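Chain and residue survey
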Amino acid sequence: MKRCPSCSLSNANDAEFCIGCGLALSGIAADDRADPAAVRKAAEYLANGTLVDGKYQIERVLGEGGMGVVYLARDIHTETPVVVKSIRTQFADRPEFRSRTLAEGRALARIDHPNVVRLNAVVVEHAALYLVMQFIDGEPLDQMIERHVAARTPIPLEQVLSIFRMILQGVGAAHGEGLIHRDLKPANILIRKRDGVAKVTDFGIAKGEEDAKAGRGVTKGIIGSLAYMAPEQVRGQRDLDKRVDIYALGILLFELLIGRVPFDAPSDYEIMRMHAETPVPNVTALRPDVPRYIDDAVQRACAKDRDVRFANTEDFLAALTEPHPLRPVTAPLMVPPVATAELTAPPIMEPVRIAPRPIEPPRGDTGEGASLPPGPRPEPHRRRLWPWLLGAGAIAAAASTALYFGASDGPGPKPIGSTGGQPGTKAPALADAAAAEVVVAPPSPLAALAGNWRSTSNRDFLAVLAPDDTLEFRIQQASQHPRTGYEAGDVRFRLSVIPGSTNEFAVEDHLRPTPPAGVEYDPSTSRETCVGVWTAVKGKKLLAQFDGASGLTVDVVQIRTTADKFKTQGKKVVSCVNLAAAPSDPIESKLSRIP
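Residues numbered from 1 in each chain as written. Predicted model: local features only at pLDDT ≥ 70, side-chain atom pairs only at ≥ 80, totals over all residues. Heavy atoms only, no water.

Attention shifts here to the sheet that holds strand β12 (residues 198-200). Taken together, three strands build an open sheet; the order of strands is β9-β11-β12 and the sheet is antiparallel. On the outer flanks of this sheet lie β9 (138-140) and β12, each paired with one strand and no other. With direction set aside, neighbouring strand axes in the sheet form an average angle of 30°. Running over the sheet, helix α4 (residues 141-150) touches β9 and β11 (189-192) and is turned about 80° from β9. Strands in contact with helix α5 (residues 157-176) are β11 and β12; relative to β12, the strand with the most contacts, it is inclined by about 30°. (Pairing = 2+ DSSP bridges. Helix = DSSP H or I, 4+ residues; strand = E, 2+ residues; numbered from the N terminus. Axes fitted to C-alpha atoms, helices over the stretch in contact; angles between N-to-C directions. Contact = heavy atoms within 4.5 Å.)

As enumerated under the stated definition, the model contains 25 salt bridges in all. Here Asp137 and Lys193 are joined by a salt bridge, their closest N and O atoms 3.5 Å apart. Of this pair, Asp137 sits in the loop between β8 (128-134) and β9 while Lys193 sits in the loop between β11 and β12; the two residues are 56 residues apart in sequence, bridging distant segments of the chain. On the accessibility criterion, Asp137 (42% relative accessible area) is partly exposed. Members of the salt-bridge network, linked through shared partners, are Glu472, Arg474, Arg494 and Glu508. (Salt bridge = Lys/Arg side-chain N within 4 Å of Asp/Glu carboxyl O. Buried < 20%, exposed > 50% of the residue type's maximum accessible area, 1.4 Å probe, protein only.)

Inspection of the secondary structure assignment puts Ser225 in the loop between α6 (209-214) and α7 (231-234). Separated by 41 residues in sequence, Ser225 and Leu184 place their C-alpha atoms 8.0 Å apart. Setting aside its immediate chain neighbours within four residues, Ser225 contacts Asp183 and Lys185. Side chain to side chain, Ser225 and Asp183 meet in a polar contact 2.7 Å long. (Polar contact = N/O pair within 3.5 Å; in protein donor to acceptor, adjacent residues only side chain to side chain.)

What follows is about the sheet that holds strand β23 (residues 520-521). Reading across the sheet, the three strands line up as β23-β30-β29 and stay open at both edges, with mixed pairing between neighbours. The two strands at the open ends of the sheet, each matched to only one other strand, are β23 and β29 (566-569). Looking at chain direction, β29 and strand β30 (residues 572-576) are connected through four bridges and run antiparallel. Residue pairing in the sheet places Thr568 in a bridge with Val573 of β30.

Glancing now at α5. Taking 1.5 Å as the rise per residue, α5 with 20 residues should run 28 Å; its terminal C-alpha atoms sit 28 Å apart, in good agreement. With 16 of 20 residues buried, α5 is to be regarded as a mostly interior element. Two residues or fewer after α5 comes Gly178, characterised by a positive phi angle close to 85°. (Expected span 1.5 Å × (residues − 1).)

This part covers the nonpolar core. Within the largest apolar cluster, 79 residues are counted, with the highest numbers of intra-cluster contacts made by Leu141, Phe164, Ile167, Leu257 and Phe316. Considering every element that reaches this core, the biggest residue donor is helix α8 (residues 243-258), with twelve residues. In terms of nonpolar packing, the next biggest core, distinct from the first, is built from 33 residues, Tyr486, Val537, Phe546 and Ile559 among them. (Core = buried A, V, L, I, M, F, W, Y, C linked by side-chain atoms within 4.5 Å.)

The next thing to look at is unusual backbone geometry. A positive phi angle is found at Glu79, which is not glycine, with a value near 65°. Looking at Glu79, the relative accessible area reads 36%, which means it is partly exposed. Even without a glycine there, the phi angle at Asn578 is positive, about 50°.

The subject of this paragraph is α8. Between its first and last C-alpha atoms α8 spans 23 Å; for 16 residues at 1.5 Å apiece the expected length is 22 Å, and the two agree. The buried fraction of α8 is high, at 16 of 16 residues. Gly259 sits one or two residues past α8 and shows a positive phi near 100°.

Attention now moves to the pairing of strand β6 (residues 81-87). The buried fraction of β6 amounts to six of the seven residues, a majority that puts the element mostly inside the structure. Relative to β8, β6 runs antiparallel, the two sharing five bridges. Across the sheet, the residue bridging to Lys85 is Leu131, located in β8.

We now examine the packing of α5 against α8. Direction vectors running N to C along α5 and α8 enclose 165°, while the axes themselves pass 10 Å from each other. By the angle between their axes, α5 is roughly antiparallel relative to α8. Of the two elements, α5 crosses α8, and the hand of that crossing is right-handed. Along its contact with α5, which presents Leu157, Val160, Phe164, Ile167, Leu168, Val171 and His175, the element α8 presents Asp245, Leu249, Leu252, Leu253, Leu256 and Leu257. Broken down by class, the residue content of the contact of α5 with α8 amounts to eleven nonpolar, one polar and one charged. (Parallel < 35°, antiparallel > 145°, perpendicular 65-115°, else oblique. Left-handed = near helix turned anticlockwise from the far one by under 90°. Nonpolar A, V, L, I, M, F, W, Y, C, P; charged D, E, K, R; others polar.)

So, in structure tokens, the structure goes:
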């Protein structure tokens, strides 16, 4: 046997690559003293090159969890990457688990939403059980949060809300099919690299809501990730419903805004107690640039009594829209620093508020974890906090509309009310803190372009303001785009705001080229690869010009493809290859508003 020096798994003597992590094993001597436990663990892994369902070829391990091992694989027929999740044998061997997984897989496969990772297939092979899912080229949301923590910068509020709205819509789509996720957390949200779209994934412990309400199921104990569990989950209640996801979403929004989860403690028991009893810290006290209505939404989503929470994701989404967008919102200019000695006692949190609260200065709450001693950056999701909130326990000031970041005794401007960072200096009284008005930005100039449009080539589009604050021009009739593989509702192009401009916008063109004569797209296999996305051609950015009335001129792309860009089976195009390398030119498309 050969023992892998990377993951310590044992492999056959003639193995070229480790079946656990894919490391090359050439030159590694055989080891007949392989650990039997490692051998048993190795049996849980599929060797690279293994075919699942006769067409999904395993390439490498992406990761693993309690339910199974996740692989990157490739569909040998279409050459498209997919993700294959192999359910562990201790679960897959149970007839009741298999039948329930198949039933829930059928429900999950019905979810056709841009913010949910698509389930392609559930595969049963002898005793094995696999889930085949869409592959997303991007990063998990927890890694994005970690990057911002390491860079000592918060995720901008607009970006937080854009991402979170997409998450809400994806979870809402699952709820619409009767599924509750039960394990929502940043690690289960993927942010696609090419366009920043958020996708909810890993429904590995999802359950049909009717079964959950009735307490049906074979799972024993507490299910989920402790940092995001609703009080009824940590208490082991069986009659769960979609409001456990609402609670987890509230925790997730808090983490996006602040950089850590609200509850942390040395023991799991203490974290469970805090979920059941301790109110979530006020967001505005920790990050003063966050409007009160967002804080109110977090508090309501994380209410201990599930009857007080939002009933559904639609209500949560509506609560994240400022009811008076043009009215100035008074916000504190700063949160006074708190002396280190004062942080030994836990902060007193306000009770959960449901109705919108009057504007009031924060009380200087630091939240759980603000009194952590200096040292290495803690592990993700447990003691993570935007670094400007740490140091000597001070909360940085917000100057005008921007937060002040940096050491109080360094060069540059000092926070109002700062004591200069001298050890042991008591902070000024809260009544001495200055306050300023922060004016909410006006609506996006793209909002004026929403509605129906028609091109000079008589193609109709519906312009819709998307959750990421772009304007999507969606195809209304596929018949107006013959042989290109577009379907009604597809995005033909999208516009985004150029700072400082109200009538010129950046263009992102989503082009499906016309296939060679004699063949047509197979929509079941070509949807992912046979579309190219362009934002510039020959070094020049694609732009759109609005005439201020009813005319729009948009730069789009014309490409010259060759047969080698299309992979065919018979008379069907099953996939496309490297469309971005095809010669391209910008052309103008003129559109007029349809009354």
